[in-house]
Amino acid sequence: MSDTPFGFGLPPEEPENGDEGKKKDPAGGGQGSGGQGGNPFGANPFGFGGLPGMGGPGGADNPFAAMFGSLNPNDLGAAFQQLGQMLSYEGGPVNWDMAKQIARQVVAQGTADGTKDASVGPAEKAAVEEAVRLADLWLDGVTSLPSGASTAVAWSRAEWVEATLPAWQQLVDPVAERVGAAMGDVLPEEMQAMAGPLIGMMRSMGGAMFGQQIGQAVGALAGEVVGSTDVGLPLGPAGRAALLPLNVEAFGKDLGVPSDEVRLYLALREAAHQRLFAHVPWLRAHLFGAVEGYARGIKVDTSKLEEAVGQLDPTHPEQLQEALQQGMFQPEDTPEQKAALARLETALALVEGWVDAVVHEAAKSRLTSADALRETLRRRRASGGPAEQTFATLIGLELRPRRLRDAARLWASLTDARGVDGRDGLWEHPDMLPTATDLDDPDGFVHREHLDFSELDKMLGEAAKGDPGKGDAEDGDDKA
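The rules behind these values
Residues numbered from 1 in each chain as written. Predicted model: local features only at pLDDT ≥ 70, side-chain atom pairs only at ≥ 80, totals over all residues. Heavy atoms only, no water. Helix = DSSP H or I, 4+ residues; strand = E, 2+ residues; numbered from the N terminus. Buried < 20%, exposed > 50% of the residue type's maximum accessible area, 1.4 Å probe, protein only. Contact = heavy atoms within 4.5 Å. Areas by Shrake-Rupley, 256 points an atom, 1.4 Å probe, with all protein chains shown as cover. Axes fitted to C-alpha atoms, helices over the stretch in contact; angles between N-to-C directions. Parallel < 35°, antiparallel > 145°, perpendicular 65-115°, else oblique. Left-handed = near helix turned anticlockwise from the far one by under 90°. Nonpolar A, V, L, I, M, F, W, Y, C, P; charged D, E, K, R; others polar. Salt bridge = Lys/Arg side-chain N within 4 Å of Asp/Glu carboxyl O. Core = buried A, V, L, I, M, F, W, Y, C linked by side-chain atoms within 4.5 Å.

(A) Examining the overall build of the protein more closely. The number of helices and strands found in the protein is 20 helices and 4 strands. Of all 480 residues assigned to the protein, the portion counted as buried reaches 50%. Pairs at least 24 apart in sequence give 76% of the contacts found in the protein among residues at least 6 apart. Total accessible area on the protein is roughly 22,300 Å²; 52% of this is exposed by carbon and sulfur atoms.

Right under this line is the structure:
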């Protein structure tokens, strides 16, 4: 788990006036920690410089100077605009418009190495399309699952943000919903009617806080991912195999491997993921359902939240965000919570292990660098790469396939024992897949008599079709 399990810490910041900004009081701005900047308004998460009582310049004599510090007119207009967005927001638990806006701002600033986002040119698009086409051709010989990519696309970082936000929304909203409900429930019932406007404002500001943090995280992640499946989940639109040429180049920069081999190997992984998610119809719902099941176990310590709200100074709205970092949200240690986590970790390991195995089979005789690239990606994935760390920051859940190597060995053994069709046939039904226990004893699973659920599914389908007719007949008898 991350130290701030739900990631609602202060957004990273940049000084407003170069070196002068670094000399400011920490409460009013300065160089923050935690990654790239993205908040031009200093440390206050709501986009202001100094607030009354925060020790800003001129706080005692000039409240407007204290509130807006040394903001220039452009920053002042942006501050009012952001405040208006926060207080007028009436949507779900996360202000996703704000999240997208901030993510794009972070992307526009570039990565720590100074690389700026840029539109993808025709040559890069053609290279990605050719790599995915060739990858699909190679995969045809090592898996019975047909191609799942109807199109191959080359995305800029900003395009990746736009394309993946719907998936982030599905993953993060359940967590934010629980937190937002708890924020409204801390007041006694008899006071809630009286405090309606305040509660509404708190929820609007809470949605903005979540939006800011998610925007920061997703924007930073856009500078590091190489495709749409880096976290083991289908974040992009179905049927689109996507690579980010700028990030692919950065990934292979220090590996000593020709850039076309790096691109092709990553295209193999992207295309393999697409096959799995396209032709195993229950898999996406299974993975997202496990994430949601984990989120349902989040326990909000209402006593700490009540204390935070009771001590909240309206002139210090950042106190609420600071309180959100103090361990109020903890995963509930229940059998259901553990089962959801185990189910997700096992499913991720099986997905990543299958992709690892089929990609290696396709690449080992064709790419001289296949072994080196495989090991690099295994370490990046299993040790918690940028994608996994960002997800842990967002909802407190590590998408780390801890048993990737065990799963890859099991899938390879299944290929030897049952052939490609026998191996891939296990994806027909979730109950046919190996379990965490099977990863401990792969030989036992490989040679075990496997069950065929096709007849059971057929019987259940026929029974389901027969029920409505049966009910109509019974209704007719009653009417007669």
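Still more to cover.
(B) Inspection of the packing of helix H10 (residues 259-279) against helix H14 (residues 335-363) at higher detail. One can describe the packing of H10 onto H14 by two numbers: an axis separation of 9 Å at closest approach and a directional angle of 130 degrees. When the axis of H10 is compared with that of H14, the two are oblique. Considering the relative orientation of H10 and H14, their crossing is right-handed. Contact with H10, carried on its side by Tyr265, Leu268, Arg269, Ala272, His273, Leu276 and Phe277, involves Val351, Glu352, Trp354, Val355, Val358, Val359, Ala362 and Ala363 of H14 and no other residues of that element. Residues belonging to the contact of H10 with H14 are distributed by class as follows: 12 nonpolar, 1 polar and 2 charged.

(C) Expanded view of the pattern of salt bridges. Throughout the structure, instances matching the rule amount to 16 salt bridges. Between Arg133 and Glu130 there is a salt bridge; the shortest N-O distance is 2.7 Å. A residue pair is termed a helical-turn pair when its members lie 3 or 4 positions apart in one helix, as Arg133 and Glu130 do in helix H5 (residues 122-139) at 3 residues. Owing to a relative accessible area of 40%, Glu130 belongs among the partly exposed residues under this scheme. The salt bridge involving Asp356 is made with Arg378; its shortest N-O contact spans 3.0 Å. On the criterion of sequence distance, the pair formed by Asp356 in helix H14 and Arg378 in helix H15 (residues 370-382) is long-range, its members being 22 residues apart. Owing to a relative accessible area of 4%, Asp356 belongs among the buried residues under this scheme. Salt bridges linked by common partners bring Arg403, Asp406, Arg409 and Asp440 together as one network.

(D) Spotlight on the nonpolar core. Among the nonpolar cores identified, the biggest contains 91 residues, and Trp160, Trp168, Leu283, Trp354, Trp411 and Trp427 are the most heavily contacted of them. Residue contributions to this core peak at 13 residues, all from H14.

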